Amino acid sequence: MVNIASMPTTISVTEDVKEALLRVASELQIKLGRRVDLNEAIRYLLSRNKRPDLLEEACKPAPGFEEAYRELVEGRREDEERARRKYGF
């Protein structure tokens, strides 16, 4: 009988997540002094996250983020317009 849990599968991730995962694998390889595959890197990350609620809380946008972001974007537009007028871009 085949152990389904050990059968390979394919997952899809964005390029930035892939790069981050490769960095984790690279750091693990240096730390452990041996080759580490992406599966082991994922397993390592999962084992570190004993409190997923804390991670979720830490990843939430700060209160007032959307307003501050709108102000930032508007300020950037104003800066670009001033630069266009001043330097003729």
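Residues numbered from 1 in each chain as written. Predicted model: local features only at pLDDT ≥ 70, side-chain atom pairs only at ≥ 80, totals over all residues. Heavy atoms only, no water.

(A) Molecular detail of the overall build of the protein. Per the secondary structure count, the protein includes 4 helices and 0 strands. In sequence order, the secondary structure elements of the protein are arranged as α-α-α-α. Per-residue burial over the protein gives 7% buried out of 89 residues. For the protein, the exposed area adds up to about 8500 Å²; of that, 56% sits on carbon and sulfur atoms. (Helix = DSSP H or I, 4+ residues; strand = E, 2+ residues; numbered from the N terminus. Buried < 20%, exposed > 50% of the residue type's maximum accessible area, 1.4 Å probe, protein only. Areas by Shrake-Rupley, 256 points an atom, 1.4 Å probe, with all protein chains shown as cover.)

(B) Representation of the nonpolar core in the model. Within the largest apolar cluster, 6 residues are counted, these being Leu-21, Val-24, Ala-25, Leu-28, Val-36 and Ala-41. It is helix α1 (residues 15-32) that provides the largest number of residues to this core, a total of 4 residues. Excluding residues that lie within four positions of it along the chain, Ala-41 makes contacts with Leu-21, Val-24, Ala-25, Leu-28 and Val-36. (Core = buried A, V, L, I, M, F, W, Y, C linked by side-chain atoms within 4.5 Å. Contact = heavy atoms within 4.5 Å.)

(C) Summary view of helix α4 (residues 65-87). Spanning 23 residues, α4 covers 32 Å between terminal C-alpha atoms, matching the ideal 33 Å at 1.5 Å per step. Remark: Gly-88 follows α4 within two positions and exhibits a positive phi of approximately 70°. (Expected span 1.5 Å × (residues − 1).)

(D) Focus on a nonpolar patch on the surface. A cluster of nonpolar side chains, contributed by Ile-11, Val-13 and Val-17, occupies part of the molecular surface with about 260 Å² of accessible area. The residue Val-13 is located in the segment before α1 in this model. (Patch = residues over 30% accessible without salt bridge, like charges linked within 9 Å, V, L, I, M, F, W, Y side chains within 5 Å. Salt bridge = Lys/Arg side-chain N within 4 Å of Asp/Glu carboxyl O.)

(E) Quick peek at the packing of aromatic side chains. Going through the model one piece at a time under the given rule, you end up with 1 aromatic pair. With a centroid separation of 5.8 Å and an interplanar angle of 25°, the aromatic rings of Phe-65 and Tyr-69 are classed as stacked. On the criterion of helical spacing, the pair formed by Phe-65 and Tyr-69 is a turn pair, its members being 4 residues apart in helix α4. (Phe/Tyr/Trp six-rings, centres within 6.5 Å; stacked < 30°, edge-to-face > 60°.)

(F) Main features of the environment of Tyr-44. Note that Tyr-44 resides in helix α2 (residues 38-48). Along the backbone, Tyr-44 and Val-24 are 20 residues apart, and their C-alpha atoms lie at a distance of 9.0 Å. Apart from residues lying up to four places away in sequence, Tyr-44 is in contact with Val-24, Leu-28 and Lys-31.

(G) Structural detail: the environment of Arg-23. Examined against the element boundaries, Arg-23 turns out to sit in helix α1. Residue Arg-23 is classed as partly exposed on the basis of its relative accessible area, which comes to 48%.

(H) Local environment of the environment of Ala-41. Considering the arrangement of structural elements, one finds Ala-41 in helix α2. Relative accessible area serves as the criterion here: at 0%, Ala-41 is assigned to the buried category. Sequence separation between Ala-41 and Val-24 is 17 residues, and the spatial gap between their C-alpha atoms is 6.3 Å.

Fair warning: the whole summary comes from geometry, so function is off the table for now.
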